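Residue-level structural notes
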Amino acid sequence: HTNYPSVFVPAAAGLTSVSVARHPHNETDRAARYRIRTRTPDDSRLVVTTVPDRWLEVDASADAELQIDIDMTAMNSGEVGTATIELRGAGHTVRLPVIGVRP
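One structure accompanies this document, and this report is about it. Owing to the predicted nature of the structure, the values given are computational and were not obtained by experimental measurement. Numbering of residues starts from 1 in each chain and follows the order in which that chain's sequence is written. Given that this is a predicted model, residues contribute local features only at a pLDDT of at least 70 and side-chain atom pairs are listed and counted only at 80 or more, while totals for whole chains, interfaces and linings are drawn from all residues. Computation of side-chain values covers all heavy atoms of the structure but excludes hydrogens and water.

1. Section: the packing of aromatic side chains
Operational definition: Each aromatic pair joins two rings of Phe, Tyr and Trp (for Trp, the six-membered one) with centres within 6.5 Å, and gets the label stacked for planes under 30 degrees apart, edge-to-face for over 60, and tilted for any other angle. Put simply, a charge is over a ring when the Lys NZ or the Arg CZ is close to the ring centre, within 6 Å, and near the line of the ring normal, within 35 degrees.
Under the defined criterion, the tally for this structure stands at zero aromatic pairs. Above the ring of Trp-55, the side-chain terminus of Arg-33 is found at 3.9 Å from the ring centroid. The ring centre of Trp-55 lies 5.7 Å from the NZ or CZ of Arg-35, which sits over that ring.

2. Topic: unusual backbone geometry
Generally, phi is negative for residues other than glycine and the peptide bonds are trans, each holding for most cases. Filter applied, for reference: A run of H or I in DSSP counts as a helix once it spans at least four residues, and a run of E counts as a strand once it spans at least two, with each numbered from the N terminus. Relative accessible area decides the class of each residue, using a 1.4 Å probe on protein chains only: under 20% of the type maximum gives buried, over 50% gives exposed, and in between gives partly exposed.
Residues Val-51 and Pro-52 are joined by a peptide bond in cis, for which omega reads 0°. Summarising the element assignment, Pro-52 is placed in the loop between strand 4 (47-51) and strand 5 (55-58). Phi at Ser-61 is positive, roughly 50°, even though this residue is not glycine. If you trace the backbone, Ser-61 turns up in the loop between strand 5 and strand 6 (66-71). Taking the relative accessible area as the measure of exposure, Ser-61 reaches 51% and is therefore exposed. The backbone of Ala-90 sits at a positive phi, close to 50°, despite the residue not being glycine. Within the fold, Ala-90 resides in the loop between strand 7 (80-89) and strand 8 (92-101). Classification of Ala-90 by relative accessible area gives exposed; the value is 52%.

3. Details of the environment of Gly-91
Position of Gly-91 relative to the elements: it lies in the loop between strand 7 and strand 8. Given the relative accessible area of 82%, Gly-91 is considered exposed. Residues Gly-91 and Val-9, spaced 82 residues apart in sequence, show a C-alpha to C-alpha distance of 30 Å.

4. Looking at the sheet that holds strand 7
The cut-off we apply is this: Should DSSP find at least two bridges between two strands, the strands are taken to pair. Angles shown run from 0 to 180 degrees and are taken between the N-to-C directions of axes, each axis being a line fitted to C-alpha atoms and, for helices, limited to the stretch in contact.
One open sheet holds the five strands; their spatial order is 1-8-7-3-5, and the pairing between them is mixed. Both edges of this open sheet fall to strand 1 (7-9) and strand 5, since each of them pairs with a single strand only. Across the sheet, the axes of successive neighbouring strands diverge by a mean angle of 20°, strand direction being ignored. Bridging between strand 1 and strand 8 involves three bridges; their strand directions are parallel. Across the sheet, the residue bridging to Phe-8 is Ile-99, located in strand 8.

5. Description of the nonpolar core
Put simply, the rule reads: Here, nonpolar core refers to any group of buried Ala, Val, Leu, Ile, Met, Phe, Trp, Tyr and Cys residues whose side-chain atoms link them within 4.5 Å. Residue contacts are defined here by distance: any two heavy atoms, one from each residue, within 4.5 Å place the two residues in contact.
One finds Leu-46, Val-48, Ile-70, Ile-85, Leu-87 and Val-98 to be the most contacted residues of the largest nonpolar core, which totals 20 residues. Put simply, the parts of the chain that give this core at least two residues each are strand 1, strand 3 (32-39), strand 5, strand 6, strand 7 and strand 8. Leaving out residues up to four positions away in the same chain, Leu-46 has contacts with Thr-40, Ile-70, Asp-71, Met-72, Met-75, Gly-81, Thr-82, Ala-83, Val-98 and Gly-100.

Here it is as structure tokens:
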């Protein structure tokens, strides 16, 4: 597992959807709660969903798992789709860019 702060899904034969995980770590001694929002430009046909889908709870000095599901089915071959997953809480905002290329 890698834990890059972005997600890139390159064109791969037959691949139209993929699931990846990211594991945010809480460095503080208090639990943190983040509101999850996925933002996609109006012209992007990339579909991005997360599990959990609304709130991410990260215990003190611990990791949490954020599953990211990326669907490129509605995109044309060679099309590039973009989105941003935004985690807002604990006094700051974290943005994870998502890029998918339909084979």
